[in-house]
Amino acid sequence: MRRFIRKSILFPICFLGAYMVVFISANAYLNRVFDSEGVIFVWGDSQAYQGVDLEELSNEIGKKVYTSAHHGAGVYDFLLFTERVPENSNVIVSISKLVQVRRKENDYNRSGLSFWAMKNLFKNGYSLSEIRTVVLKNIKPHSNISETTELYAYADSMRIQLPLSHFRDYYQKIPIFLGDKQNLYLIGIENLILKNCEMTFIEFPYHRELESIENQSPIKKKTDDFIFRIGSLFNEFKTDTLWLSKDQNNFSDLSHLNSVGANQLSKQLGEKMTNNERTTMYIVR
Amino acid sequence: MLFNSIDFAVFLPIVFILYWFLFKSNLKLQNLLIVVSSYVFYGWWDWRFLSLIVFSTAVDYTVGQYLRNEENQLRRKVLLWTSILVNLGFLCLFKYYNFFIDNFTAAFSFFGTEISASSLDIILPVGISFYTFQTLSYTIDVYKQKLEPTKDIIAFSAFVSFFPQLVAGPIERATNLLPQFYKERKFDYSRAVDGMRQILWGLFKKIVIADNCAQYANEIFNNSADYGGSTLILGALFFTFQIYGDFSGYSDIAIGTSRLFGFNLKQNFAFPYFSRDIAEFWRRWHISLSTWFRDYLYIPLGGSRGGAMMKVRNTFIIFIVSGFWHGANWTFIVWGALNAIYFLPILLTNRNRKNIDTVASGRLFPSPNEFLSMGATFGLTVIAWVFFRAENMGHAMAYISEIFSSSTFNIPEIRPRNTTLLIIGFLVIEWYGRGQQFAIQNLGIQWKRPFRYALYYAIIILIFWFGGKEQEFIYFQF
């Protein structure tokens, strides 16, 4: 019996050790691109994943562009992104309004394990059970960086995947966690500042119908204030606008650009970034 | 409480330590601990239904006591039927009442008469079909004087509610399990380690194979009208592995857990997808249920002793009842009938015991003949599973007819690479270990410790990395 108990205790301990070795190796292998220098890293949720044409942006800027944008990416993913990005990097960040108001449990949060990020979650209103969920989601190492994205194909009209009522629900009242999430994003941005990263922010457009819901929402003031809070972290911060041509349909659905929109946006963004040396928030219209 | 939950991962070591340390020297206390922990295990899901188990236990214990001294055959029969009616009464009320009401009203309205009968808004208590059959086996065996009725109500309660196999089997016979509660149990290191290995393999089957297959099977079956024949075939194949991984995985965890507490449960699955004919399949699939029906239904009906007509009748009865046991839906009945149709030609030509041994025993690969037989049996089984999984008969027929259409020759719309590779790897290991109680029973047993541990670690990592979205065990609903 003693032998069984002894082995029952030793087995998981040894497993934990072995697993950490496997996990760290796999993680380092899958995310090795983060060690690259002289490249541009993009972070955001599905709006950034679908809204940036990496090839076009890379051609404009003359640097390699990697994206960590992911459908449903959340604040934990952002914190890990800021941890992994090397010092002095060039970073494009999109913290959309939807990413701020999305329910915590719907965030992707699968970028790996980080004690620092979890500690910050805990300090900012995440319960132990929510952190446990994050840990469980990250037991398997994931690749969080890519050189390519699959843009939505062009179509003359939008396809409505999620009805407007879905967004109305989100924008109806200020979520209790909004302040905590915004604080966490600011912690991530501060981390990038400490790493001396050159940052560009981008706010992707919504379809006008969604925009009108947003304008009537009590959340709007909070999300607008958030932009000022970001700006206050920098010595020099300005906002600029990118205008998408209305000749063709730019939207795939209410909140995502299609390949035409993504291409136009990336071209303009590339041009502006090449000529601009100040931290800028680009608002796309 | 689910076996693949954190709750169970905490519950099991606590019970294990109490059982082997605190109550080690007292058999009665050990049995009492099993009863209490089994009730906690069951009550974790819904404590209200504990009353059903307690009532069933009380009825069968009392009937057993009366049967002990009763020699009058008529009274013995009355006692037996009391137990059968109480147990099956509960089962019918919770599981079949709505089915019969709905079908009666439908039948009357078909003939132009509208009758009003309302169905009940009740949920099915988890595992009711399993513990009902287990406790019935006690009463029937006592009635047939194959088993001495127990005086020990604690041991009997532990037998009825034994948590490892309470909610999804294996359905243990009183003749096998009950006497184990009377004997002093000593901790056996190699048995416990073997149990742990079986638990590990069961978790792999459930979490990696079944839960991954479930995602695709659910997607394809739930939207079958949107897919062509080739994708529907894939859906049926995924369900085939889902149900095997799910149910045999549960059985492995149950048997392995029992071994940790010094109990031996009977093997419930013996690599059924390597069967060479349907008769062999049914000797290897859900063995505890098949043998239950054989001993308590098929043989009392006359078994295979009579003429051809009697064989046909009894075969249909046993398979249809077996189908109906799984659920109150015509799809299960048709699934049972279809298996009877598969089985009858073999029975009537006396070839039902042709393949008793393990396929390709002592060889690495099967002969071409064995391979073809296995493939054909597997194919028939897959078709039958479509009825088992379908929502209703219309759904099943539409699904099958699309499979036999020209769209079967198109490239499937869904091509899950990882799950397919996992299934192939799983089949290789199952094939390698097909002569044992479970596939990894002897795998790596002779290896040096680091290699053996590396194998176990690799399985655990596969569970962590490739575990599918958590699904409830399919057989909980039966």
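For the structure itself, consult the block above.
The rules we used
Residues numbered from 1 in each chain as written. Chains lettered and ligands numbered in written order. Predicted model: local features only at pLDDT ≥ 70, side-chain atom pairs only at ≥ 80, totals over all residues. Heavy atoms only, no water. Helix = DSSP H or I, 4+ residues; strand = E, 2+ residues; numbered from the N terminus. Contact = heavy atoms within 4.5 Å. Areas by Shrake-Rupley, 256 points an atom, 1.4 Å probe, with all protein chains shown as cover. Lys, Arg positive; Asp, Glu negative; His and termini not counted. Charge placed at Lys NZ, Arg CZ, Asp CG, Glu CD. Buried area = accessible area lost by both parts, 1.4 Å probe. Polar contact = N/O pair within 3.5 Å; in protein donor to acceptor, adjacent residues only side chain to side chain. Nonpolar A, V, L, I, M, F, W, Y, C, P; charged D, E, K, R; others polar. Salt bridge = Lys/Arg side-chain N within 4 Å of Asp/Glu carboxyl O. Buried < 20%, exposed > 50% of the residue type's maximum accessible area, 1.4 Å probe, protein only. Patch = residues over 30% accessible without salt bridge, like charges linked within 9 Å, V, L, I, M, F, W, Y side chains within 5 Å. Expected span 1.5 Å × (residues − 1). Arc of directions from axis to C-beta. Core = buried A, V, L, I, M, F, W, Y, C linked by side-chain atoms within 4.5 Å. Phe/Tyr/Trp six-rings, centres within 6.5 Å; stacked < 30°, edge-to-face > 60°. Lys NZ or Arg CZ within 6 Å of the ring centre and 35° of its normal.

**Student:** I keep staring at the overall build of chain A and nothing clicks. Help me out?
**Tutor:** A tally of regular secondary structure across chain A gives twelve helices and six strands. Overall size of chain A, expressed as C-alpha extent along the three principal axes, is 75 × 45 × 40 Å. Across chain A, every contact between residues at least 6 apart in sequence was considered, and the portion connecting residues at least 24 apart equals 87%. Put simply, chain A shows about 13,800 Å² of open surface, and 52% of that area lies on carbon and sulfur atoms. Between the centroid of the 34 positive side chains of chain A and the centroid of its 32 negative side chains there is a distance of 11 Å.

**Student:** Would you mind going over the interface of chain B and chain A with me for this structure?
**Tutor:** Bring the parts together and some accessible area is lost; that lost area is often taken as the interface size. Taken together, the contact between chain B and chain A spans 19 residues of the former and 16 residues of the latter. Roughly 1,800 Å² is buried in total at the junction of chain B and chain A, and carbon and sulfur atoms are behind 81% of that figure. When the area that chain B buries against chain A is broken down by residue, the three leading residues are B:Tyr189, B:Tyr457 and B:Trp465, summing to 41%. If you look at where chain B meets chain A, you find six residue pairs in polar contact (both at pLDDT 80 or more). When contributions to the side of chain B that touches chain A are tallied by element, the ones reaching two or more residues are helix 1 (6-22), helix 8 (189-222) and helix 17 (449-466) of chain B. Tallying contributions element by element places helix 17 of chain B first for the side of chain B that touches chain A, with nine residues. Classifying every residue of the side of chain B that touches chain A by side-chain character gives 18 nonpolar, no polar and one charged.

**Student:** What's the story with the pattern of salt bridges in this structure? I'm lost.
**Tutor:** Note that side chains of opposite charge can pair when their charged atoms are close. All names here are of chain B. Tallied over the entire structure, the rule returns 26 salt bridges over all chains. Residue Arg363 pairs with Glu370 through a salt bridge whose shortest N-O separation is 3.1 Å. Relative accessible area serves as the criterion here: at 38%, Arg363 is assigned to the partly exposed category. Looking at Glu370, the relative accessible area reads 13%, which means it is buried.

**Student:** Sorry, what's going on with a nonpolar patch on the surface here?
**Tutor:** On the surface, B:Leu29, B:Leu32, B:Val36, B:Val40 and B:Trp44 cluster together to form a nonpolar patch covering roughly 420 Å² of accessible area. Note that B:Val36 resides in helix 2 (residues 27-46).

**Student:** Would you mind showing me how to read helix 1 of chain B here?
**Tutor:** Each turn of an α-helix holds 3.6 residues, which means side chains three or four residues apart point in the same direction. Across its 17 residues, helix 1 of chain B extends 24 Å between first and last C-alpha, which sits within 8% of the 24 Å expected from 1.5 Å per residue. Among the residues making up helix 1 of chain B, those that are buried are B:Phe8, B:Phe11, B:Leu12, B:Val15, B:Phe16, B:Tyr19 and B:Trp20. Projection of helix 1 of chain B onto a plane perpendicular to its axis shows the buried side chains occupying an angular sector of 130°, all on one side. Each element contacted by the buried residues of helix 1 of chain B is listed here: helix 1 (2-30) of chain A together with helix 2 and helix 9 (229-260) of chain B.

**Student:** Please explain the nonpolar core as it appears in this structure.
**Tutor:** Taken as a class, soluble globular proteins show a tendency for nonpolar side chains to be buried jointly. Counting residues in each nonpolar core, the largest one holds 153 residues, and the members touching the most others are B:Phe41, B:Tyr42, B:Phe159, B:Phe181, B:Phe261, B:Trp285 and B:Trp385. If you tally residues by element for this core, the top one is helix 9 of chain B, at 13 residues. Of all hydrophobic cores here, the second largest spans 39 residues; its members include A:Trp43, A:Val93, A:Ala117 and A:Ile131.

**Student:** Any chance you could explain the side chain of A:Ser111 here in plain terms?
**Tutor:** With respect to the helices and strands, A:Ser111 occurs in the loop between helix 5 (97-101) and helix 6 (115-123). Dropping the residues within four chain positions of it, A:Ser111 is found in contact with A:Asp77, A:Leu80, A:Arg84, A:Asn138 and A:Asn144.

**Student:** Would you explain the packing of aromatic side chains in this entry?
**Tutor:** To describe a pair of aromatic rings, you give the distance between the ring centres and the angle between the ring planes. One pass over the structure, following the stated rule, counts 86 aromatic pairs over all chains. Between the aromatic rings of B:Phe162 and B:Phe263, the centroid separation amounts to 4.7 Å while the plane-to-plane angle is 55°, which identifies the pairing as tilted. With B:Phe162 in the loop between helix 6 (153-161) and helix 7 (174-182) and B:Phe263 in the loop between helix 9 and helix 10 (278-284), the pair connects residues that are 101 residues apart, well separated along the chain. Like B:Phe263, B:Phe162 is buried. With centroids separated by 5.5 Å and ring planes inclined at 20°, the aromatic side chains of B:Trp335 and B:Trp385 adopt a geometry described as stacked. Taken together, the residues span a long stretch of sequence, with B:Trp335 in helix 13 (residues 330-348) and B:Trp385 in helix 14 (residues 368-389) at a distance of 50 residues. Each member of the pair, B:Trp335 as well as B:Trp385, is classed as buried. Here the basic side chain of A:Arg3 rests over the ring of B:Tyr189, its NZ or CZ set 3.9 Å away from the ring centre. Geometry around B:Trp431 places B:Arg434 over its ring, the cationic atom sitting 3.8 Å from the centre.

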